[in-house]
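# Coordinate inspection notes
Each chain, written out:
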Amino acid sequence: MPAPRTPPVKSPASSSTEVAAPAWVRKDLLAIQDLTAAEINTILDTAAAFKTVGTRDIKKVPSLRGQTMVNFFVEPSTRTRTSFELAAFRLSADVVNISASTSSLTKGETLKDTALNLQALHADIIVLRHSSAGAAQFLAERLAASVINAGDGAHEHPTQALLDTFTIREKLGRVAGLEVAIVGDILFSRVARSNIHALLKLGARVTLVGPSTLIPREFEKLGVTVTHDLESVLPRADVVNLLRIQHERQRKEYFPSLGEYTALFGLTKARAARLKPECLIMHPGPINRGVEIDSDVADSAQSVILDQVTNGLAVRMAVLFLCAGTRRT
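About the thresholds
- Residues numbered from 1 in each chain as written.
- Predicted model: local features only at pLDDT ≥ 70, side-chain atom pairs only at ≥ 80, totals over all residues.
- Heavy atoms only, no water.
- Buried < 20%, exposed > 50% of the residue type's maximum accessible area, 1.4 Å probe, protein only.
- Helix = DSSP H or I, 4+ residues; strand = E, 2+ residues; numbered from the N terminus.
- Pairing = 2+ DSSP bridges.
- Arc of directions from axis to C-beta.
- Contact = heavy atoms within 4.5 Å.
- Right-handed = clockwise from strand over helix to strand, strands pointing away.
- Expected span 1.5 Å × (residues − 1).
- Polar contact = N/O pair within 3.5 Å; in protein donor to acceptor, adjacent residues only side chain to side chain.
- Axes fitted to C-alpha atoms, helices over the stretch in contact; angles between N-to-C directions.

Burial along strand β10 (residues 239-242) is two-sided: V239 and N241 and V240 and L242, pointing in opposite directions, are all buried. Bridge count between strand β7 (residues 179-183) and β10: four bridges; the pairing is parallel. Its bridge partner being in β10, V180 is matched across the sheet by V239. By the bridge criterion, three bridges tie β10 to strand β11 (residues 280-282) in an arrangement that is parallel. Bridge pairing in β11 places V239 opposite L280.

Within the span of helix α8 (residues 258-265), buried status applies to Y261, T262 and F265. The arc enclosing the buried residues of α8, seen along the axis, measures out at 100 degrees, which places them on a common side. Those residues of α8 that are buried are in contact with β7, β8 (205-209), α7 (230-233) and α9 (269-272).

In this section: the pairing of β7. By the criterion of burial, β7 is predominantly enclosed, with five of the five residues buried. Here β7 shows a buried face lined by E179, A181 and V183 and a second buried face lined by V180 and I182. Direction of pairing for β7 relative to β8: parallel, over a ladder of five bridges. For V183, the partnering residue across the bridge sits in β8 and is V209. Once the chain exits β7 it traverses helix α6 (residues 190-201) before rejoining the sheet at β8, and the crossover so formed is right-handed.

The end-to-end C-alpha distance of helix α2 (residues 79-90), which contains 12 residues, comes to 16 Å, matching closely the 16 Å that a straight helix rising 1.5 Å per residue would cover. Of the positions making up α2, those classed as buried are T80, S83, F84, A87, A88 and R90. Buried residues in α2, looked at end-on, bunch into an arc of 165 degrees, giving them a common side. Residue S92 follows α2 closely and has a positive phi angle near 70 degrees.

Here we come to the environment of E141. Tracing the sequence through the fold places E141 in the loop between α4 (135-140) and β6 (146-152). For E141, a relative accessible area of 54% gives the class exposed. Residues E141 and D28 lie 113 residues apart in sequence; the distance between their C-alpha atoms is 9.7 Å. Within polar-contact distance, the side chain of E141 engages the side chain of Q137 at 2.8 Å.

Let's shift gears to the sheet that holds β10. Pairing in this open sheet of five strands is parallel, and the strands run β9-β8-β7-β10-β11 from one edge to the other. For this open sheet the edge positions go to β9 (225-227) and β11, each flanked by a neighbour on one side alone. The sheet shows a mean angle of 20 degrees between the axes of neighbouring strands, direction not considered. Where helix α5 (residues 158-172) meets the sheet, its contacts fall on β10 and β11, and the angle it forms with β11 comes to roughly 160 degrees. Sheet contacts for α6: β7, β8 and β10; angle to β7, the most-contacted strand, approximately 170 degrees.

Dropping the structure here:
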């Protein structure tokens, strides 16, 4: 990779000032595993500047005026697709939304040909969610357009990890040295994988908690701790990030019942009482109330679930801005 260098691009906090965006040379965002700590911090710092846009009377800057972003979601989504759409609108880009059911994929067209046709229509950025791991990488290697991975199978979901780390840094002032517990379906979770990479790169200590069937010991090779005892983790955690059971990616049941899962790994009101007062409770959504988290806990003062949604908008604005800026050279 070349030495970090980007061309002058418009500052996210201003409609006219020209500044050099630091340490970003990538036209695509495909995986947190690919990024350095400096690159992650560049995105988080840029997102912090963009978050102020949401407090203005006119919540819009002209950073991507004249650019076209295509939201290409082969898998269904509400939060991520809407967040990217709003992020592009706030950057003054044009937006086109495409789902698998309304695309030529239903007629047998390949993903590559669909994307090449979109590029031929002068799409500048393609945000892709796909059920196959590596789909975003596949397109990025074949397109001049920027490709943003909005989730590829059980591989990665980079912008979710970025908004999670942004929220932690915003609320606790740092990421380095924190104890972060990720609880639930690790095996099938792209969110877990991206979060593990981001947290470790930024200096946090990560513990994975869940049924043994959903946390293979292979994860320990990444530098995390694995345990199946939630009770032992709660008192020392600075952050507890709860994951939804990924039924759509499982081919069989990995635990006897949802009731048993909740009994052993659900963050109930009684378990939440064991947390430090300043511990953050997180969830990427959609939450299953009464399964991985009690309603009272999800709505408590320690919960930052809605803050994650708000911060996701700023993070995705930052990602679109940075990737589009390098592609325009």
